Amino acid sequence: MLKFRLLIASALMALLLVPGLAMAKDFTLGLILVGPYNDKGYSQAQYEGGKYVEAHMPGAKMIFLDKVNPADRPGLTIPQVADDLIEKGADLIIAGSDDMKDGILEAAAMHPETTFVHASGDSVWSGKAPENLGNVFGRMEYSKMMAGFTAAMTTQTGKIGVVGPLINEETRRLIASAYLGAVHAWTKVRGKDIKDLTFNVKWIGFWFNIPGVTADPTQVAGSLFDSGCDVLISGIDTPEAVTVAKQRREAGKQVWALPYDYEKGCEGQGDICLGVPYFNWGPTFLRLVTQVQDGNYEPSFEWDAPYWANINDHDKSPVGFMPGPGMSSETRAKLDEFIAQLGSGDLDLFTGPLNYQDGTPFLKAGETATDKQIWYMPQLLEGMKGLSSPQ
C-alpha cells in the first residue's frame with residue numbers, strides 16, 4: 001500500500017511539472033472605483049466588469065473599494081487602498097479613474113511584486129510607469145462621435161448642450177469627438193449650415209456632483225435647456241441630464257438627452273433618452289486577469305477600439321453605443337451607416353482642416369491626427385462653446 005501511494009504521489013508531481021497542466025490558482029481581482037459601485041454610470045460599469053470576470057473564470061473573485069474620491073473618503077490615498085487590497089489577497093489591482101494617476105504610480109512602486117493596471121492614464125506611454133504597471137482604456141471617442149451624431153440628427157433648434165465633468169485631456173478629446181460627430185450629421189447628412197449649429201459645454205468640476213465643491217449638474221442641465229438647447233449630452237458619471245430632460249418633457253417641452261458610461265442608462269427613462277455611449281469592461285478585465293494569472297502579462301499602453309462587427313457584443317467590444325427609445329427609425333438607419341463608415345476606416349473625423357478653439361491650427365487639410373495628438377488635446381475645437389481649461 002505504501003509503495004502504491006508513493007507511485008501515485010510521484011505521478012501527480014510529474015503532471016504538475018508538465019507545462020499547462022498545473023492546477024489553476026484562485027485569482028483575486030482588486031478594483032478601486034471613483035464613485036459608488038451602483039452609480040448607474042462609470043463605476044457601476046467597472047463593477048459589472050469585475051462580476052463578468054467572476055462569471056467567466058472559475059476560482060476568480062473580485063474585491064473592491066468604491067467612492068474613492070476626496071469628498072466621500074477625505075484623506076484616503078490610493079497607496080492606502082492598494083495596501084488594503086493586497087492584504088486581502090489581490091493579485092491584480094485596477095485603478096479605475098484618470099484622477100488616480102499619481103496615486104497608482106506610487107502604489108505600484110511600493111509593491112513591485114503585484115501587478116497594477118490604470119484604467120485610463122498614460123504612464124507607460126510617457127515612460128513614468130514602473131515595470132509592474134500598465135494602462136488600458138477603451139476608445140470611447142468613437143462612441144462619443146455616435147452620441148454627437150445622434151444629437152445632431154435629433155435637434156430641432158440646432159442647439160446641443162453638454163454637461164461636462166472636470167476639464168482635462170480625456171474630457172476634452174471625448175467632448176471634441178462628440179462635436180465632430182454632431183458636425184458630420186448636421187452638415188453631411190442633414191445638409192445644414194455649420195453656422196446654424198451651437199454646441200455648448202458647461203463643466204461641473206468633477207465626475208459627479210460634490211455639494212459645495214462642484215456645480216450642481218441638475219442646475220447646469222436646466223440652464224442649458226433654458227438657453228435653448230433641446231438635446232443634452234452627458235459627460236458625467238450620474239444621470240442628472242436625463243432626469244432633468246424627463247422633467248422638462250413632462251412639463252411639455254420637446255427635449256432629449258444622452259447619458260454616459262453605463263449600457264442601461266436609458267432604462268426606465270422613456271423616449272427622452274436617445275441612446276448611451278458606454279464602457280463594457282468585462283472582456284478587457286477578463287483578458288488582463290487571464291494574462292496575469294498565466295504569467296504572460298506585459299504592461300503596456302492599450303487603447304482598445306470597438307469590435308466593429310458588433311459594437312454591442314458583450315463578449316468582444318470594450319465600448320459600445322446602445323440606441324435609446326427616443327431615437328427615430330430614420331436616425332437609427334443613418335447611425336448604422338455612420339458606424340459602418342467609422343469601422344471600415346472610410347470616415348475619420350479627426351482629419352483636417354481642424355483648428356483649436358482659439359483658432360490655432362490643429363490639423364492641416366487632409367492631415368489625420370495621430371493617437372497622441374488626439375490623446376493630448378490641449379483645447380476644445382473651433383466652433384465649440386465652453387472653457388478649454390480650468391479658470
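The rules behind each value
Residue indices begin from 1 for each chain and proceed along its sequence in written order. Predicted model: local features are reported for residues with pLDDT of at least 70 only, side-chain atom pairs are reported and counted for 80 or more only, and whole-chain, interface and lining totals are derived from all residues. Here the side-chain values reflect all heavy atoms present in the structure, with hydrogen atoms and water set aside. Each helix is a run of H or I in the DSSP string that is no shorter than four residues. Each strand is a run of E no shorter than two, and both are numbered from the N terminus. With C-alpha atoms as the basis for the radius of gyration, the globule rule is written as 2.2 Å multiplied by the number of residues raised to the power 0.38. Throughout this description, buried means an accessible area under 20% of the type-specific maximum (1.4 Å probe, protein chains only), exposed means over 50%, and partly exposed covers the range between. Any pair of residues with heavy atoms lying within 4.5 Å of one another is described as a contacting pair. A pair is scored as a salt bridge if a Lys or Arg side-chain nitrogen falls within 4 Å of a carboxyl oxygen belonging to Asp or Glu. Paired strands, as defined in this entry, are two strands with at least two bridges between them according to DSSP. Axes, fitted as lines to C-alpha atoms, cover a helix only where it is in contact. Angles between the N-to-C directions of the axes lie from 0 to 180 degrees. Any pair of Phe, Tyr and Trp rings, taking the six-membered ring for Trp, is counted once the centres come within 6.5 Å. Such a pair is stacked with planes under 30 degrees apart, edge-to-face with planes over 60 apart, and tilted for the rest. For a Lys NZ or an Arg CZ to count as sitting over a ring, it must be within 6 Å of the ring centre and within 35 degrees of the ring normal. Polar contacts here mean pairs of N or O atoms no more than 3.5 Å apart (in protein, one a potential hydrogen donor and the other a potential acceptor; neighbouring residues in sequence count only if both atoms are side-chain atoms). Small angles under 35 degrees read as roughly parallel and large ones over 145 as roughly antiparallel, with 65 to 115 read as roughly perpendicular and the rest as oblique. Note on convention: the crossing is left-handed when the near helix lies turned anticlockwise from the far helix by less than a right angle, right-handed when the turn is clockwise. Residues are grouped as follows: Ala, Val, Leu, Ile, Met, Phe, Trp, Tyr, Cys and Pro are nonpolar; Asp, Glu, Lys and Arg are charged; every other residue, Gly included, is polar. UniProt positions are given in the numbering used here, feature names are shortened, and annotations may be inferred rather than shown by experiment.

What follows concerns the overall build of the chain. On a plain count of helices and strands, the chain comes out with twelve helices and 15 strands. Here the chain has a C-alpha radius of gyration of 23 Å; the compact-globule value for 391 residues is 21 Å, and the two agree. Here the chain holds 391 residues, and 53% of them are scored as buried. The contacts of the chain with a sequence gap of at least 6 include a subset with a gap of at least 24, amounting to 66%.

In this structure the tally under the stated criterion is eleven salt bridges. Salt-bridge contacts for Lys 51 lead to Glu 54; the nearest nitrogen and oxygen are separated by 3.0 Å. Within this pair, Lys 51 and its partner Glu 54 are both found in helix α2 (residues 42-56), separated by three residues, close to a single helical turn. Here Lys 51 falls in the partly exposed class, since its relative accessible area comes to 38%. We note a salt bridge from Asp 84 to Lys 88, for which the minimum N-O separation is 3.1 Å. Given the relative accessible area of 34%, Asp 84 is considered partly exposed. In this structure Lys 88 comes out as exposed when scored by relative accessible area, which is 51%. Sharing partners across several salt bridges, the network here consists of Arg 287, Glu 302 and Asp 304.

Reading across from one edge, β9-β8-β6-β7-β15 is the order of the five strands in this open sheet, with parallel pairing throughout. The open sheet terminates on both sides in strands that have one partner only, identified here as β9 (256-258) and β15 (384-385). Contacting β6 (159-164), β7 (198-203), β8 (231-234) and β15, helix α7 (residues 169-189) crosses the sheet at an angle of about 160 degrees to β7. Along the sheet, helix α9 (residues 240-250) contacts β6, β8 and β9; its crossing angle with β9, the most-contacted strand, is approximately 170 degrees.

Here we take up the packing of aromatic side chains. Ring pairs (aromatic) are described by centroid distance and by the angle formed between their planes. Scanning the model with the defined rule gives 23 aromatic pairs in all. Taken together, a centroid distance of 6.3 Å and an interplanar angle of 90 degrees make the contact between Tyr 42 and Trp 281 edge-to-face. Residue Tyr 42 is found in helix α2, and its partner Trp 281 is found in the loop between β10 (275-279) and α10 (282-294); the two are separated by 239 residues along the sequence. Directly above the aromatic system of Trp 303 lies the positively charged group of Arg 139, at a separation of 4.2 Å from the ring centroid. For the cation-ring pair, Arg 173 lies above Trp 375, with the distance from its terminal atom to the ring centre recorded as 3.7 Å.

Position of Asp 91 relative to the elements: it lies in the loop between α3 (78-87) and β3 (92-95). Separated by 75 residues in sequence, Asp 91 and Leu 166 have C-alpha atoms that sit 31 Å apart. Here the side chain of Asp 91 touches Thr 28 through a polar contact of 2.8 Å, landing on its backbone nitrogen.

Note that Asn 310 resides in the loop between β11 (301-304) and β12 (319-323). Residue Asn 310 is classed as partly exposed on the basis of its relative accessible area, which comes to 37%. With 33 residues separating them along the chain, Asn 310 and Gly 343 place their C-alpha atoms 10.0 Å apart.

With their axes 10 Å apart at the nearest point, helix α6 (residues 140-154) and helix α11 (residues 329-344) run at an angle of 150 degrees to one another. For the element pair α6 / α11, the angle class is roughly antiparallel. Taken as a pair, α6 and α11 cross one another with a handedness that is right-handed. For the pair formed by α6 and α11, the contact residues are Tyr 142, Met 145, Met 146, Phe 149, Thr 150, Met 153 and Thr 154 on the first element and Thr 331, Lys 334, Leu 335, Phe 338, Ile 339 and Leu 342 on the second. Of the residues assigned to the contact of α6 with α11, the class counts are nine nonpolar, three polar and one charged.

Per the UniProt annotation, the sites labelled "domain: ABC transporter substrate-binding protein PnrA-like" (unreviewed entry) are residues 29-263. Within the segment residues 29-263, helix and strand shares are 41% and 18% respectively, and the terminal C-alpha atoms sit 22 Å apart.

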